[in-house]
Amino acid sequence: MIKAKKKLGQNFLTDRQVARRIIDAVSPEGTDAIIEIGSGTGALTHMLAQRSGHLVAIEIDARLARELGGTAKAENITIVTADALSLNWDELIDDARSKLNAAPGPDEGLGRVRIVANLPYYISTPIIEKLLSLGRRIFDMTLMLQKEVADRIAAEPGGKEYGYLSVMVQYYCVATKLFEVPPSAFTPEPKVNSAVLRLRVREQPAVKVWDERKFFSLVRACFAQRRKTILNNLKAAAASQGFKTDVEVALEAASVAPQRRAETLSLAEFACLFEALCVV
Ligand code: SAM
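Going along each chain's sequence as written, the residues are numbered from 1 onward. Restriction of local features to residues with pLDDT of at least 70 applies here, the model being predicted, together with a cutoff of 80 or more for giving and counting side-chain atom pairs; totals for whole chains, interfaces and linings are based on all residues. As a rule here, side-chain values cover all heavy atoms of the structure and leave hydrogens and water aside.

Peer 1: Sorry, what's going on with the sheet that holds strand β5 (residues 113-118) here?
Peer 2: Hydrogen bonding along the main chain pairs the strands of a sheet, whether they run parallel or antiparallel. Paired strands are those between which DSSP finds at least two bridges. Where helices and strands are cited, they refer to DSSP runs of H or I of at least four residues and of E of at least two residues respectively, numbered from the N terminus. The seven strands lie next to each other as β4-β3-β2-β5-β6-β9-β7, forming an open sheet whose pairing is mixed. Each of the sheet's edge strands pairs with one partner strand only, and the pair in question is β4 (77-81) and β7 (173-181). On average, adjacent strands in this sheet sit at an angle of 20° to one another, irrespective of strand direction. For β7 and strand β9 (residues 194-201), the ladder comprises eight bridges, and the chain directions are antiparallel. For Thr176, the partnering residue across the bridge sits in β9 and is Arg198. Here, two residues are considered to be in contact whenever any of their heavy atoms come within 4.5 Å of each other. Angular values range over 0 to 180 degrees, each being the angle between N-to-C directions of two axes fitted as lines to C-alpha atoms, with helices fitted over their stretch in contact. Strand contacts of helix α4 (residues 89-98): β2 (33-37), β3 (54-59), β4 and β5, with the helix running at about 135° to β2, the strand carrying the most contacts.

Written out as structure tokens, the structure reads:
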């Protein structure tokens with residue numbers, strides 16, 4: 001057994017029932033290309049390969065990639081020894097789809113590219129941001145995450161978990177928390193609980209905004225100090241954000257009461273506020 005490297009987030013899934021539950025949740029089809037991030041000792045890899053058209057396993061640790069190469073007898077597995085954060089994802093996706101026996105079709109249906117990962121927790125947020133930037137090239141993602149991060153991503157407005165990460169991910173995806181997983185399912189055991197989250201990439205973003213970068217910068221500013229009202233956070237950000245309209249006037253135009261806090265605003269309300277503040 002290979003010794004786990006803590007700094008690479010190596011908590012291997014050893015509970016086969018949980019592994020099976022994840023595979024059932026993904027429910028791969030023979031026409032799907034699956035990209036698994038951090039294949040480790042292959043707890044999910046072989047089962048995924050059996051049920052999909054092609055599987056690409058990305059693993060940063062050459063020892064594990066070599067070992068997986070030795071046990072992966074199936075012809076439909078490609079192992080890529082690389083850092084998932086610095087890969088050329090466009091090339092990787094083209095390559096994965098080209099290996100499907102079926103001719104690549106539109107993003108929906110035939111030739112779907114799907115992500116599955118028991119993510120190393122230290123890269124979960126940057127890797128999700130990277131995957132979201134690929135838009136509809138990805139059909140969906142089934143991710144094991146730290147429970148607290150899964151809760152924040154899937155949170156609805158009104159609770160303390162709802163924040164920038166919820167708004168950013170839900171703008172691109174429908175997020176569903178599927179089930180929780182205790183530390184005892186892994187070796188070595190992590191210190192935190194985990195949860196499996198499904199992100200289904202939307203056909204169109206949840207709301208229409210004319211500049212995504214500026215929109216997300218505004219959302220971040222609204223959450224800058226969670227205990228402050230939306231009015232005070234916006235006033236503090238006015239100079240750096242270069243608003244086109246007075247903050248109080250814009251709040252009224254967007255029908256958002258100035259005493260509310262950012263954590264109570266829906267995506268649609270953030271979009272209205274953005275329009276009112278940033279469009280002349
Ligand atoms: N999928 C396996 C499982 O379920 O048991 C392993 C999961 S373990 C939590 C995370 C895996 O991601 C480890 O094998 C680790 O080496 C790998 N990893 C860590 N950082 C990575 C990165 N930047 N790119 C690709 N793989 C990475």
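Structure shown, so let's carry the discussion forward.
Peer 1: Help me understand the pattern of salt bridges in this model?
Peer 2: Side chains carrying opposite charge are able to pair once their charged atoms draw close together. By definition, a salt bridge exists where a carboxyl oxygen of Asp or Glu is found within 4 Å of a side-chain nitrogen of Lys or Arg. Going through the model one piece at a time under the given rule, you end up with 17 salt bridges. Residue Arg137 pairs with Asp94 through a salt bridge whose shortest N-O separation is 2.6 Å. Of the two residues, Arg137 is situated in the loop between α5 (124-132) and β6 (140-146) and Asp94 in helix α4; the sequence distance between them amounts to 43 residues. The classification of residues rests on relative accessible area computed with a 1.4 Å probe and restricted to protein chains. Under 20% of the type maximum is buried, over 50% is exposed, and intermediate values are partly exposed. What makes Arg137 partly exposed here is its relative accessible area of 24%. Under the relative-accessibility criterion, Asp94 is labelled partly exposed at 43%.

Peer 1: Help me out: how do you make sense of the site of the ligand in this one?
Peer 2: By convention in these notes, a residue is near a molecule or strand provided one of its non-hydrogen atoms lies within 4 Å of it. Around the ligand sit 22 residues, and of these Gln10, Leu13, Gly38, Glu59 and Asp83 come closest. Here a polar contact is recorded for every N or O atom pair within 3.5 Å, except that within protein the pair must consist of a potential hydrogen donor and a potential acceptor, and residues adjacent in sequence are included only if both atoms are side-chain atoms. Note that a nitrogen atom of the ligand is positioned 2.8 Å from one of the backbone N or O atoms of Gly38. The contact in question runs from a nitrogen atom of the ligand to an N or O atom on the backbone of Ala84, over 2.9 Å. For every accessible area listed, the method is Shrake-Rupley and the probe measures 1.4 Å; residues are considered covered only by the protein chains on display. Alone, the ligand offers 590 Å² of accessible surface; in the complex the protein occludes 99% of this. Put simply, Ala, Val, Leu, Ile, Met, Phe, Trp, Tyr, Cys and Pro go in the nonpolar bin, Asp, Glu, Lys and Arg in the charged bin, and everything else, Gly too, in the polar bin. Across the shell around the ligand, the residue classes break down as eleven nonpolar, seven polar and four charged.

Such coordinate-based values are descriptive only and should not be taken to indicate function.
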